[in-house]
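Descriptive structure summary
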Amino acid sequence: MLFLIWGQTAFSQTQTVKREVVGRDIGQLKGIRISGRIIDEITGEALVGATVTVPEINVTRVTDTNGAFELILDRAEYNLQFRYVGYEYIEYPITAVGDGRLSIRMIQEDFELDDVVIFGRDPEKNIRSTEMGAITLSMNTMRELPPFLGEVDIIRSMATLPGVSQVGEASAGLNVRGGGADQNLIQFAGAPIYNPTHLFGLFTSFNADIVNDVTLYKSVIPARYGGRGSSILDILPKTGSLDKWGGDLMLSNNSGKIGFNGPLVKDKVSVRGGFRGSYINWFLNTLSNPDLKNSRANFYDGNLVVSAPLSDKQEFTYSYYTSYDDFAFASDTTISWKNDSHSLQWKSKFSEKLSMEALGYFTRYDYSIFNRSGINDFDLNSGIEDYGIKAFMMYELSPTQKLTFGVDSKNLTIQPGELVPYEGHESGILPQKVQNEFGRESGVHFQHEFEVGEKFGMSYGLRYDTYQYLGPRTVQQYAENKPVSDGNSIGETTYGDGDKIMSYDGLGPRGSLRYSLSKNSSIKAGYNKMYQFIHLISNTATIAPTDIWKLSDEFLKPQIVDQYSLGFYNNFKGNIFETSIEVYYKDIQNVVEYKDGANLILQNNLETELVPAQGRAYGVEMYVKKNLGRLTGWVSYTYSRSLRRVITPYEEEIINDGEWYASNFDKPHDLTLIGNYKVSTNTSISATFGYSTGRPVSFPQAKFDYFGNSLAYFGRRNEQRLPDFHRLDFSVNFKLKGKGSFFDGDWTFSILNVYGRKNPFSLFFVDELGAPPQAMRLAVLGVPLPSISYSIKF
């Protein structure tokens, strides 16, 4: 017997929709299964993260990476509501009689002065969910921020959120709640990325046109994630259209990019690709620093995403990502780095309640320094290989109860450094190679989320991590009860290929509890424990290609991070305003610090240059966001401290007399103001203002002569600070409707550093006769920097 799901009249801002879906009689089945897919009316692209709400039963579902959704309903009449940010709202009345499928096509909204922006997610999710410190930004939201040098910058967009910062201008990486840049796992399509920036942080290395949305976990991290101590930044790519071919083009005065997407096999296999390249050298020529003025830089990145939704229940997605940089400093020394990653994901839905995701990936990161000065020319090469598998299953026990469980494993190979004389010239450099490192991380996990009535919600989970440090390797042995140093070496032990040198394991519980004070407010508390087995060894505050990645071994123990969080969340005026305040405290064990005068480059026994430290971080984060209206934006303020302490049995290793001192990225005050104002249908303006306390530094207190060389003497570590950071950025966006397709696009004009603040990028010292070395600062953006970009879709 056939049935009909009859869409009586579907209302949007400008259209009326009327459809019917034919299915089968469900007989004695308990519920009616309504599935569907939401796509863009013009391009045919899947709308990922769109919401489907059934107000009669207070249920909201979010579309997956293929734009698909599923509802289980009783036999009755319903008014389905479809929302996606920047698109017209659709109300779709149905009468559910039996199983069926809907195809929803949404069009971008034609903004009018009296209209408001439509929510692209569940507007009460921050109140009703048990998640803490989990923030998702869609690309539409990030595009409303002033572009950095003409482009949307994913990493900098994250740094506008409370508890997230960068050490300064043009900085690579993020610092989340007092953690170092290495404590963040940044993954693209499930594959880890080790350097997420171009040109030392001036550009992000992710093409915004390929990215669907970005989620940052910084408080209670789901149990399926492990291996890093502070946060997870999960970047999901867009898939291509299954219906029609299309593309996009963007040109700016600094870079350009082009993309394409469409069906390889109509309705079965889609592809999306993109390429971005730079022509940034004109910008370097405008800088006042003579060394930078004579430098040259190039970068590119590319993406390919192939998706095959074989059915409503099966989907395969392959993603490839590559990026490359080279920077020739003063025309003689070139620094380069390259990311390559592949991932293959399989999603399967076995039943209405049980589904699975499995993913395999391979990532490689290479970083090199080439000296071509004509004197002792050399190549210094380093790299990381990371490959692994992940699989987890989700079982929906009930509409208010969900269980997730899974496993993952990865293998790591690190080449810390190899010095090779350049063959093109006679060089006095001798070849040198640091031993490779090998390690394996594995984990099993589960998580249970449930609600008890309307007031209480809880999520708890447990992750068990194991780690093995593997051969081949020759390990130094040191005298007992003496500092670990070359002078105290008493021998060595050699391990064969695959031999276990050292192993660690640990249980990482995590959980959060929510109590709803009302429909619009709630209180949440959470705890999180993480283990980290890889460390970034650096004496700089930001990620640089000269940094060294190091695995935990018998001398360098895993970092262990315990975090406690408490938050209050409140929405006002029908969810127009979203507010929150969170406090947190972190205890960090086995943080890596370097000894005074440490030599980190090409060090075969790196443990002799390092000391173990304790860490702690605490803070309060305040967030106010306006979601609707012509004026939208947010204000975030964070007061936080990030501290370190080094106490060992050996006096020569103790730093700052064993007292707590500021970490390299401790910035107590951090304020961000963001506003976007829609002037008219086709015009909007936006501005971002940021202020933060200057980061800690160590100034030399004196100098002394050592065999004719002047050497600086540094006293206590990180006792001084750079000047405070503040900057205003501004942009105007025009959507033009021209006679030809070339003129029918978006023009964006922006000014970075509107009032020309000379924020320090780095600190260096110059020798002056009769005085200690004098500190000098280098400002990369010391003047207002205009940019213009033009983008079209076709």
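Remember, predicted model here, so these are calculated numbers, not experimental data. (Residues numbered from 1 in each chain as written. Predicted model: local features only at pLDDT ≥ 70, side-chain atom pairs only at ≥ 80, totals over all residues. Heavy atoms only, no water.)

**Section: the overall build of the protein**
- Assigned secondary structure in the protein consists of five helices and 54 strands.
- Burial status across the protein gives 56% buried among its 794 residues.
- The long-range share in the protein, meaning contacts at least 24 apart out of those at least 6 apart in sequence, stands at 65%.
- A total accessible area of about 33300 Å² is found for the protein, and carbon and sulfur atoms account for 57% of it. (Helix = DSSP H or I, 4+ residues; strand = E, 2+ residues; numbered from the N terminus. Buried < 20%, exposed > 50% of the residue type's maximum accessible area, 1.4 Å probe, protein only. Contact = heavy atoms within 4.5 Å. Areas by Shrake-Rupley, 256 points an atom, 1.4 Å probe, with all protein chains shown as cover.)

**Regarding the pattern of salt bridges**
- Counted by the stated rule, this structure contains 26 salt bridges.
- The partner of Arg156 in a salt bridge is Asp153, and the shortest N-O contact between them spans 3.7 Å. Each member of the pair, Arg156 together with Asp153, is buried.
- The partner of Lys338 in a salt bridge is Asp340, and the shortest N-O contact between them spans 2.5 Å.
- Looking at Asp340, the relative accessible area reads 18%, which means it is buried. (Salt bridge = Lys/Arg side-chain N within 4 Å of Asp/Glu carboxyl O.)

**Thoughts on the sheet that holds strand S11 (residues 100-106)**
- If you walk across this open sheet you meet the three strands as S8-S5-S11, and the pairing is mixed. In the strand order of this sheet, the two ends are held by strand S8 (68-73) and S11, each with one partner. Pairs of neighbouring strands in the sheet enclose a mean axial angle of 25°, with direction left out of account.
- Both strand S5 (residues 32-40) and S8 contribute to a ladder of six bridges, which runs antiparallel. Counted as the bridge partner of Ile34 is Leu71 from S8. (Pairing = 2+ DSSP bridges. Axes fitted to C-alpha atoms, helices over the stretch in contact; angles between N-to-C directions.)

**Side note on unusual backbone geometry**
- Across the junction of Gly471 and Pro472, the peptide omega takes the value 10°, indicating a cis bond.
- Relative to the elements of secondary structure, Pro472 occurs in the loop between strand S32 (456-470) and strand S33 (473-478).
- Positive phi values are uncommon outside glycine, yet Asn753 reaches one of about 60°.
- Along the chain, Asn753 turns up in the loop between strand S51 (746-752) and strand S52 (762-768).

**Points about the packing of aromatic side chains**
- In this structure the tally under the stated criterion is 23 aromatic pairs.
- In this structure an aromatic cluster arises from ring pairing among Tyr194, Tyr365, Tyr367 and Trp549.
- If you follow Arg224 out to its NZ or CZ, it ends over the ring of Phe392, 5.4 Å from the centre.
- Lying over the aromatic face of Tyr569, Lys524 brings its terminal NZ or CZ to 4.6 Å of the ring centre. (Phe/Tyr/Trp six-rings, centres within 6.5 Å; stacked < 30°, edge-to-face > 60°. Lys NZ or Arg CZ within 6 Å of the ring centre and 35° of its normal.)

**Observations regarding the nonpolar core**
- Leu161, Phe188, Phe206, Leu233 and Ile235 are the most contacted members of the largest nonpolar core, which has 30 residues in total.
- Every element with two or more residues in this core is listed here: strand S12 (134-138), helix H2 (139-142), helix H3 (154-158), strand S15 (184-188), strand S19 (211-217) and strand S20 (231-237).
- Aside from chain neighbours lying at most four places away, what touches Leu161 is Ile135, Leu137, Leu216, Tyr623, Trp634 and Ser636.
- Leu412, Tyr469, Ile501 and Ile560 belong to the second largest nonpolar core, which has 26 residues in total. (Core = buried A, V, L, I, M, F, W, Y, C linked by side-chain atoms within 4.5 Å.)

**Digging into the sheet that holds S15**
- Ordered by their spatial adjacency, five strands build an open sheet running S12-S19-S20-S15-S16, and the pairing between neighbours is mixed. Where the open sheet ends on each side, the last strands, each with one partner, are S12 and strand S16 (191-192).
- Of the pairings in the sheet, the one linking S19 to S20 comprises six bridges and is antiparallel in character. Residue Leu216 lies in a different strand from S20, and its bridge partner there is Leu233.

**Structural notes on the pairing of S32**
- The pairing of strand S31 (residues 437-452) with S32 spans 15 bridges and is classified as antiparallel. Bridging across to S32, His445 finds its partner in Arg463.
- Where S31 folds back onto S32 in an antiparallel hairpin, the turn is made up of three residues, including Gly453, whose phi is positive at roughly 70°.
- Where S32 meets strand S35 (residues 500-518), 15 bridges bridge the pair, whose relative direction is antiparallel. Within S35, the position partnered with Tyr469 by the bridge is Met502.

**Focus on the side chain of Asp182**
- Following the sequence through the fold, Asp182 ends up in the loop between strand S14 (175-176) and S15.
- Buried and without a salt bridge, Asp182 has Arg228 as its closest oppositely charged side chain, separated by 6.9 Å.
- A distance of 3.0 Å separates a polar atom in the side chain of Asp182 from the backbone nitrogen of Leu536. (Lys, Arg positive; Asp, Glu negative; His and termini not counted. Polar contact = N/O pair within 3.5 Å; in protein donor to acceptor, adjacent residues only side chain to side chain.)

**Structural notes on the environment of Ala189**
- The residue Ala189 is located in the loop between S15 and S16 in this model.
- Each C-alpha atom, one on Ala189 and one on His342, is 8.6 Å from the other, the two residues being 153 residues apart in sequence.
- When near neighbours in sequence (up to four residues on either side) are disregarded, Ala189 contacts Ile235, Pro237, Ser319, Ser343 and Leu359.

**Description of the side chain of Thr404**
- Here Thr404 lies in strand S29 (residues 401-421).
- Ignoring sequence-local partners within four residues, the contact set of Thr404 consists of Phe392, Met393, Met394, His445, Phe446 and Gln447.

**A word on the environment of Glu480**
- Structurally, Glu480 can be placed in the loop between S33 and strand S34 (489-495).
- Assessed through its relative accessible area of 70%, Glu480 is described here as exposed.
- Separated by ten residues in the primary sequence, Glu480 and Ile490 have C-alpha atoms spaced 9.7 Å apart.

**Notes on the environment of Ser295**
- Checked against the element boundaries, Ser295 lands in the loop between helix H5 (290-293) and strand S24 (296-309).
- Judged by its relative accessible area of 0%, Ser295 falls in the buried class.
- Expressed as a C-alpha distance, the spacing of Ser295 and Asp332, which sit 37 residues apart in the sequence, is 8.8 Å.

**Describing the confidence of the model for the protein**
- Confidence in the prediction for the protein averages 84 pLDDT; 86% of positions are at 70 or higher.
- Note on residues 1-29: pLDDT under 50 across the span, and 82 contacts to partners over four residues away in sequence or across chains.
- Here residues 110-120 is modelled with pLDDT under 50, and outside its nearest four sequence neighbours on either side it reaches 36 contacts, counting other chains as well. (pLDDT = per-residue confidence, 0-100.)

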